[in-house]
Amino acid sequence: MALALVTGASSGLGLALCRRHAALGGDLIISARHESALLELKASLEKEFGIKVYAIAQDLGAPGAAETLFLKVKSQNLTPEILINNAGVGCDGPFVSMPLDDMLNLLYLNIVSLTTLCRLFMPQMMSTGGRILNIASIAALIPGPYMAPYYASKAYVENLSKALWFECRGSKITVTSCLPGPMRTGFVKASRLQDARVSSLFTASADDVASAAYRAMLKGKRVVMPGVPLWLRALLKLSPFVPERLVLEITGALQRPSGADRN
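Residues numbered from 1 in each chain as written. Predicted model: local features only at pLDDT ≥ 70, side-chain atom pairs only at ≥ 80, totals over all residues. Heavy atoms only, no water.

**Topic: helix α7 (residues 206–219)**
1) Next: End to end, α7 covers 20 Å across 14 residues, agreeing with the expected 20 Å (1.5 Å per residue, within 8%).
2) Next: Sitting at the head of α7, S205 places a side-chain oxygen 3.2 Å from the backbone nitrogen of D207.
3) Next: Note on α7: the residue one or two positions beyond its end, G220, has a positive phi of about 75°. (Helix = DSSP H or I, 4+ residues; strand = E, 2+ residues; numbered from the N terminus. Expected span 1.5 Å × (residues − 1). Polar contact = N/O pair within 3.5 Å; in protein donor to acceptor, adjacent residues only side chain to side chain.)

Below you can see the structure in the form of structure tokens.
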């Protein structure tokens, strides 16, 4: 089984993806910010599945961080054949009151580091073969008032992934974009969404989403949308035919933090 590199591996969907790969007997490179959590996960996965796990602590939300992670992987003479770009963060509230540092961290983590890791690992995959799974979101499909940078960043991930899938046709690489539906994970708390109306929609299981995303990646599918309820899938398909102002009103109403003023 191929060696897989998973970012944002210590919790939520990243953890579920690690377990899915490990259950098939695949070795792992796990990366996240906190070394203590990674070392605990490494020990747990090795004991449960009998695989080899390499833990590399790295915060990908800063300039040059992805390059540093790439060099750390290469310094251990590791050559992953699967790259799962799962690390990501959100921030909520009116754009004008979002802390600039939080916004820049989001852009580096969700966009710059993901793009950099694809660019650095793809050349070696051209000869050895490989699979790339980029975790976007159904947020990629519409604009998102009160989470504007997050929605915009996921639209970038989706469109980049689709373009790379096209460019890699006929090669040994496949690129899959995963657009999960709302999931009940630590992302809700980390993104400060508990008080937003949209938090009531977060019901999907990270394990089910990971299983569907992983299968789609192995098959080389262009896009997969796991954990999206049928009613929400229908609404998203209809959104291009609905006046954009109405889409913004609905999304804004769902995501407006409790007590926020209406503009």
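**Brief notes about the packing of aromatic side chains**
Two aromatic rings are characterised by how far apart their centres lie and by the angle between their planes.
1) Next: One pass over the full model with this rule turns up 2 aromatic pairs.
2) Next: Aromatic pair F70 and F121: ring centres 4.9 Å apart, planes at 75°, arrangement edge-to-face. With F70 in helix α3 (residues 65–75) and F121 in helix α4 (residues 100–128), the pair connects residues that are 51 residues apart, well separated along the chain. The exposure classification of F70 matches that of F121, with both residues buried.
3) Next: Pairing Y150 with Y151 gives two aromatic rings, centres 6.2 Å apart and planes at 75°, and the pair type is edge-to-face.
4) Next: Across from the ring centre of F166, 3.8 Å away, lies the NZ or CZ of R169, which sits over that ring. (Phe/Tyr/Trp six-rings, centres within 6.5 Å; stacked < 30°, edge-to-face > 60°. Buried < 20%, exposed > 50% of the residue type's maximum accessible area, 1.4 Å probe, protein only. Lys NZ or Arg CZ within 6 Å of the ring centre and 35° of its normal.)

**A look at unusual backbone geometry**
Of all residues except glycine, most have a negative phi; of all peptide bonds, most are trans.
1) Next: Look at N77: it is not a glycine, yet its phi comes out positive at around 55°.
2) Next: Along the chain, N77 falls in the loop between α3 and β4 (82–85).
3) Next: You can call N77 exposed: its relative accessible area is 70%.
4) Next: A positive phi is found at Y146, a non-glycine position, where the angle reads about 75°.
5) Next: Position of Y146 relative to the elements: it lies in the loop between β5 (130–135) and α5 (148–167).
6) Next: Classification of Y146 by relative accessible area gives buried; the value is 10%.

**Quick notes on the packing of α3 against α4**
Packed helices, taken two at a time, are described by the angle between their axes plus the distance between the axes.
1) Next: For the pair α3 and α4, the least separation of the axes is 8 Å and the interaxial angle reads 35°. Once α3 is placed against α4, the crossing between them reads as right-handed. Only S113, T116, L117, L120, F121 and Q124 of α4 make contact with α3, whose side of the interface consists of A66, E67, L69, F70, V73 and K74.
2) Next: In terms of residue class, the contact of α3 with α4 is built from 7 nonpolar, 3 polar and 2 charged. (Axes fitted to C-alpha atoms, helices over the stretch in contact; angles between N-to-C directions. Left-handed = near helix turned anticlockwise from the far one by under 90°. Contact = heavy atoms within 4.5 Å. Nonpolar A, V, L, I, M, F, W, Y, C, P; charged D, E, K, R; others polar.)

**With respect to the pairing of strand β6 (residues 173–178)**
1) Next: Among the 6 residues in β6, 6 count as buried, and that is most of the element.
2) Next: Along β6, one buried face is formed by I173, V175 and S177 and the opposite face, lined by T174, T176 and C178, is buried too.
3) Next: Two elements, β5 and β6, share 6 bridges in a ladder whose sense is parallel. Within the sheet, the bridge partner assigned to G130 lies in β6 and is I173.
4) Next: A crossover links β5 with its parallel partner β6, the connecting element being α5, and its sense is right-handed.
5) Next: The pairing of β6 with strand β7 (residues 223–224) spans 2 bridges and is classified as parallel. Bridge assignment links C178 to a residue of β7, and that residue is V224. (Pairing = 2+ DSSP bridges. Right-handed = clockwise from strand over helix to strand, strands pointing away.)

Shape is all these values report; function is a separate question.
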